[in-house]
Number of protein chains: 2
Amino acid sequence: MTTSFKGPKPSRRQFLSGAAAAGAGAVAAQASGAATPDPLITEVQPWATGLGEGVDATPYGLPIKYESHVVRRNVEWLTADTISSINFTPIHALDGTITPQGCAFERHHSGAIELRKEDYRLMINGLVDKPLIFTYADLERFPREQHVYFCECAANTGMEWAGAQLNGAQFTHGMIHNMEYTGVPLRTLLQEAGLDAAGDLEDKWIYVEGHDASSNGRSIPMSKAMDDCLVAFKANGEALRKEHGYPVRLVVPGWEGNMWVKWLRRVEVVDGPVESREETSKYTDTLANGISRKWTWVMDAKSVITSPSPQSPIQHGHGPLVITGLAWSGHGAITRVDVSKDGGKTWETARLAKPGEKMALTRFYLDTTWNGEEMLLQARAMDETGYVQPTKEQLREIRGENSIYHNNCIQTWHVKPNGEAENVEVS
Amino acid sequence: MTTSFKGPKPSRRQFLSGAAAAGAGAVAAQASGAATPDPLITEVQPWATGLGEGVDATPYGLPIKYESHVVRRNVEWLTADTISSINFTPIHALDGTITPQGCAFERHHSGAIELRKEDYRLMINGLVDKPLIFTYADLERFPREQHVYFCECAANTGMEWAGAQLNGAQFTHGMIHNMEYTGVPLRTLLQEAGLDAAGDLEDKWIYVEGHDASSNGRSIPMSKAMDDCLVAFKANGEALRKEHGYPVRLVVPGWEGNMWVKWLRRVEVVDGPVESREETSKYTDTLANGISRKWTWVMDAKSVITSPSPQSPIQHGHGPLVITGLAWSGHGAITRVDVSKDGGKTWETARLAKPGEKMALTRFYLDTTWNGEEMLLQARAMDETGYVQPTKEQLREIRGENSIYHNNCIQTWHVKPNGEAENVEVS
């Protein structure tokens, strides 16, 4: 292994006995006459003799038809109208860390609008020396940066506050994506508008809104605006998709997804938070005493096992098993992920595919053995601040059960002897 | 800037005079009554009042219609039949480093076949203790790795040997993609077949072939097979696309793309190179004396400016200009990229968006100023071995002009006063 390997490394012999038993010993078996010949080996297959499809048929390619189940899912019951909706990344079927735009989670409040680059304008106004309006072509003239960041909806895992509700990682944890964003630092544009002559920045805020009818206005403290926010126009190398805010969206690393305003229209420098609809009646967490928490922007460290999981059961026999999942933190880089098979009684440290990167998804693996025993699978993430992902019980003690947003508790899958998995709650 | 910044950093004042002149001063201009009011600012637009499209319409999303020109291109004249063809990544229109699968370069020799995971088999045979056949499910049980790697066709830039031929970075340099691959190290599967008991590995080779009719057989020395080759099943998080080898392809980091065998069928351990059609009559470089170079696998360090370029002219006024492009090396990480505006007489060191990663595309930027002067734009890449990308003249001196493959010379774009760019050759 060339990557860092923090967990126990299975021996080669373990795989020899395991994978070979599952089917990898077919050559030897056929030689001894012990098994039924596999026609996929013994007979010439049509794909080995004929011509496949030409590339001219796919100037912009789509997934093969056999993967038609690996798509975003919408659930009608979650929002008042399907036009005011949300959809879920099929994280149970993905691997690695990048989310393709075509199946990347997104949420919009009044539909996905179609806005040409030529018609795009971005205004910076309010407490600035020089209010400015930028065209798309203007934005392309400023120095750009690239960063891979996760974007998670504040409501991700929200239905689970009350107990195990949704049967699948896509639905419990799929309101997240992770893409390579390219854009201009918001700081650069604010400075262009003469912000640094506008007095003490510590007291200032920005109010950002989108071109869509909802406008989805949000207040952001100036310290964050000047730190790492990006005015982004590309994701995973290409233009943003319509539903991701084409042609320009705001990227607010590590902070809840609804602040990543799409179809970005205006950034107003103000002297305090605006207390808009989206940050008062929505996107707030009500505690047991009826009082709501103030300013819950950062997405705390969290993780989920994507396979095995309810939508990705174990379908092979006993022996080697790869347990894998995703971890992330809005406070910085993931430093460690532990996996439990017994509902949190004992833990094994998983292997991180790559060292954790700030505010980006980290893939973890536990290369292990399974012989049909029941498992209560859990993962728990730790980030560079020393924070450890809490249990649901710990979170409820502090937050009560009124919340919809900011549920970053440890998730449990019950894996049965037949390999199927179910969303359960352990106490 | 939070990223490394190796080039000269333009001052803020530079942008104030530049971008504002280009249109970003509209607010001030309107306030003074000097400019025609912009109806996109002064009038309420339809996208701000109506509902956009719902997400249920896009379970797997495609680019917005306004980006329909950002697609792979095929050229009929390059290969004998369109079914035996190649296509080009629209690198002139992308930014960042990740190539979306939907527009990622690929080449196939007998069409893109459709092979279900259930019908997939991978045989390892030849000089091994225990010949094995793996199903797709077997492969998923071995420890996986993830790496972002570039895949470049040996023929990329091949038409340029004889002089400036093709007008656009997509056609001169677009036979390349860069994706996050997930798979099992080939080493792991070879060890599973008992390779380490098969004698001295240094003398051994593997011969790999695909399930398609062409089989595209290639010989690879064992040292590379045991080093970093991946048996990959995901790219950018999701299943490989059909045309990229669904469900399984070989990844041979830094080596020419035709060795990345798609629809991987068989890995035979042999005691020497097979000298197959694809490594004798094809994919060899004939020198001026008529003798062909032997074993030209590694793709040497190379770079190209993607914008401005013939397909991406300068369309804004004078002032700030972002020059950007891609650099890569099959020998390791890119350490530096220089940009010349005068055909190689003087050079400025570009800013790398991130530190170079081994055998992966690196994005570079030169944040500069342009006042309508003619430019002969060039980029030259350097890698961690100390290698410097050569000029076409230097390459011709060694290789002559008979070659098709392995042209990694410095490319020149002639930018005219009107912002248009043309592929030219400088001596």
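Here is what the cut-offs are and how they apply
Residues numbered from 1 in each chain as written. Chains lettered and ligands numbered in written order. Predicted model: local features only at pLDDT ≥ 70, side-chain atom pairs only at ≥ 80, totals over all residues. Heavy atoms only, no water. Helix = DSSP H or I, 4+ residues; strand = E, 2+ residues; numbered from the N terminus. Areas by Shrake-Rupley, 256 points an atom, 1.4 Å probe, with all protein chains shown as cover. Polar contact = N/O pair within 3.5 Å; in protein donor to acceptor, adjacent residues only side chain to side chain. Contact = heavy atoms within 4.5 Å. Salt bridge = Lys/Arg side-chain N within 4 Å of Asp/Glu carboxyl O. Least-squares fit on C-alpha atoms with pLDDT ≥ 70 in both. Pairing = 2+ DSSP bridges. Buried < 20%, exposed > 50% of the residue type's maximum accessible area, 1.4 Å probe, protein only. Arc of directions from axis to C-beta. Phe/Tyr/Trp six-rings, centres within 6.5 Å; stacked < 30°, edge-to-face > 60°.

## Quick word on the overall build of chain A
Each helix and strand counted, chain A has eight helices and 22 strands in total. Total accessible area computed for chain A in this model is approximately 14,700 Å², and 50% of it derives from carbon and sulfur atoms.

## Considerations on the side chain of His406 of chain B
Residue and element names in this part refer to chain B. Along the chain, His406 falls in the loop between α8 (392-399) and β21 (412-415). In this structure the side chain of His406 is engaged in a polar contact, spanning 2.8 Å, whose partner is the backbone oxygen of Thr296. When residues no more than four places from it in sequence are discounted, the contact partners of His406 are Ala154, Trp161, Glu256, Asp285, Arg293, Thr296, Val298, Met299, Leu395 and Arg399.

## Points about the interface of chain B and chain A
Each partner contributes to the interface: chain B provides 118 residues, whereas chain A provides 118 residues. The tally of links from chain B across to chain A stands at eight salt bridges. For the salt bridge of Asp95 of chain B with Arg144 of chain A, the shortest nitrogen-to-oxygen distance reads 2.6 Å. In this structure, the connection of chain B to chain A is made through 40 residue pairs in polar contact (both at pLDDT 80 or more).

## A short note on the relation of the copies chain B and chain A
Note on the identical chains: chain B maps onto chain A by a rotation of 180 degrees and an axial translation of 0.0 Å, with an RMSD of 0.0 Å. On the angle and the small slide along the axis, the relation comes out as a two-fold axis. It is Pro100 of chain B whose C-alpha, among those of chain B, lies nearest the rotation axis, at 3.6 Å. Mapped onto chain A, 100% of the interface residues of chain B again fall at the interface, so both copies present the same surface.

## Structural notes on the sheet that holds strand β20 (residues 375-383) of chain B
Residue and element names in this part refer to chain B. Strand order in the open sheet formed by five strands is β17-β16-β20-β21-β22, with antiparallel pairing between adjacent strands. Both edges of this open sheet fall to β17 (348-349) and β22 (421-424), since each of them pairs with a single strand only. Pairing of strand β16 (residues 334-340) with β17 involves two bridges; the strand directions are antiparallel. Counterpart to Asp338 in the pairing with β17 is Thr349.

## Let's talk about the sheet that holds strand β1 (residues 73-74) of chain B
All names here are of chain B. Reading across the sheet, the three strands line up as β1-β2-β3 and stay open at both edges, with antiparallel pairing between neighbours. If you trace the sheet from one side to the other, it starts and ends with β1 and β3 (106-107), each paired once. As defined by bridge partners, β1 adjoins strand β2 (residues 86-88) across two bridges and the pair is classed as antiparallel. Of the residues in β2, the one forming a bridge with Arg73 is Phe88.

## Notes on the pattern of salt bridges
As enumerated under the stated definition, the model contains 56 salt bridges over all chains in all. In this structure, the salt-bridge partner of Lys242 of chain B is Glu114 of chain B, at a minimum N-O distance of 3.3 Å. Here the residue Lys242 of chain B occupies a position in the loop between β11 (238-239) and β12 (249-251), and Glu114 of chain B occupies one in the loop between β3 and β4 (121-126), the gap between them amounting to 128 residues. With relative accessibility at 31%, the residue Glu114 of chain B sits in the partly exposed group. One salt bridge connects Lys358 of chain B with Glu384 of chain B, and the closest N-O pair in it is separated by 2.8 Å. With Lys358 of chain B in the loop between β18 (351-352) and β19 (362-370) and Glu384 of chain B in the loop between β20 and α8, the pair connects residues that are 26 residues apart, well separated along the chain. Judged by relative accessible area, which is 40%, Glu384 of chain B ranks as partly exposed. One network of salt bridges, with partners in common, ties together Glu209, Arg265, Arg266 and Glu268 of chain A.

## Quick notes on the pairing of strand β15 (residues 319-328) of chain A
Residue and element names in this part refer to chain A. Extensive coverage of β15 is indicated by the burial of ten of its ten residues. Sheet analysis places strand β14 (residues 302-307) next to β15, joined by five bridges and oriented antiparallel. Across the sheet, residue Ser307 finds its bridge partner in β15, namely Thr324. As paired elements, β15 and strand β19 (residues 362-370) share nine bridges and run antiparallel to each other. Bridge pairing links Ala327 to Thr362 in β19.

## Thoughts on the side chain of Arg241 of chain B
Along the polypeptide, Arg241 of chain B turns up in the loop between β11 and β12. Exposure remark for Arg241 of chain B: the relative accessible area of 3% places this residue in the buried category. Once you skip the residues sitting within four places of it in the chain, Arg241 of chain B turns out to touch Gly61, Leu62 and Pro63 of chain A together with Tyr60, Gln101, Gly102 and Tyr246 of chain B.

## Points about helix α8 (residues 392-399) of chain A
Residues and elements named next belong to chain A. Taken together, the buried positions of α8 are occupied by Lys392, Leu395 and Arg399. Down the axis of α8, the sector holding all buried residues measures 65 degrees, keeping them to one side. Residues of α8 that are exposed and point over 90 degrees away from its buried face: Glu397 and Ile398. Just downstream of α8 lies Gly400, where phi reads positive at about 75 degrees.

## Digging into the packing of aromatic side chains
Residues and elements named next belong to chain A. Under the definition given, this model contains 22 aromatic pairs over all chains. Here the aromatic rings of Trp295 and Trp297 are separated by 5.1 Å at their centres, their planes lie at 25 degrees, and the arrangement is stacked. We classify Trp297 as buried; its relative accessible area is 13%. Linked through ring pairs, Trp205, Trp255, Trp295 and Trp297 together constitute an aromatic cluster.

## Overview of the environment of Ile133 of chain A
Residues and elements named next belong to chain A. Here Ile133 shows up in strand β5 (residues 132-135). Judged by its relative accessible area of 2%, Ile133 falls in the buried class. Along the backbone, Ile133 and Ala193 are 60 residues apart, and their C-alpha atoms lie at a distance of 9.5 Å.

## Notes on unusual backbone geometry
Pro308 of chain A follows Ser307 of chain A through a cis peptide bond whose omega is -5 degrees. Turning to its location among the elements, Pro308 of chain A is positioned in the loop between β14 and β15. Residue Pro247 of chain B is bonded to the preceding Tyr246 of chain B through a cis peptide linkage, with omega at 5 degrees. You can see Pro247 of chain B is positioned in the loop between β11 and β12. You will see that Asn216 of chain A, though not glycine, has its phi angle at about 50 degrees, which is positive. By relative accessible area, which is 10% here, Asn216 of chain A ends up buried. One non-glycine residue, Glu275 of chain B, lies in positive phi territory at about 60 degrees.

## Observations concerning the environment of Thr306 of chain B
All names here are of chain B. Locating Thr306 in the fold gives a position in strand β14 (residues 302-307). The class of Thr306 is buried, set by a relative accessible area of 0%. Once the C-alpha coordinates of Thr306 and Asp95 are considered, the two residues, 211 residues apart in sequence, prove to be 8.7 Å apart. If near-sequence neighbours (up to four positions away) are discounted, Thr306 is found in contact with Ile91, His92, Ser312, Thr324, Gly325, Leu326 and Arg363.

## Observations regarding the environment of Tyr387 of chain B
Residues and elements named next belong to chain B. Assignment of secondary structure puts Tyr387 in the loop between β20 and α8. Expressed as a C-alpha distance, the spacing of Tyr387 and His331, which sit 56 residues apart in the sequence, is 9.1 Å. In contact with Tyr387, other than residues within four places in its own chain, are Asp300, Ala301, Ala381, Met382 and Asn408. A polar contact of 2.8 Å, which involves the side chain of Tyr387, links it to the side chain of Asn408.

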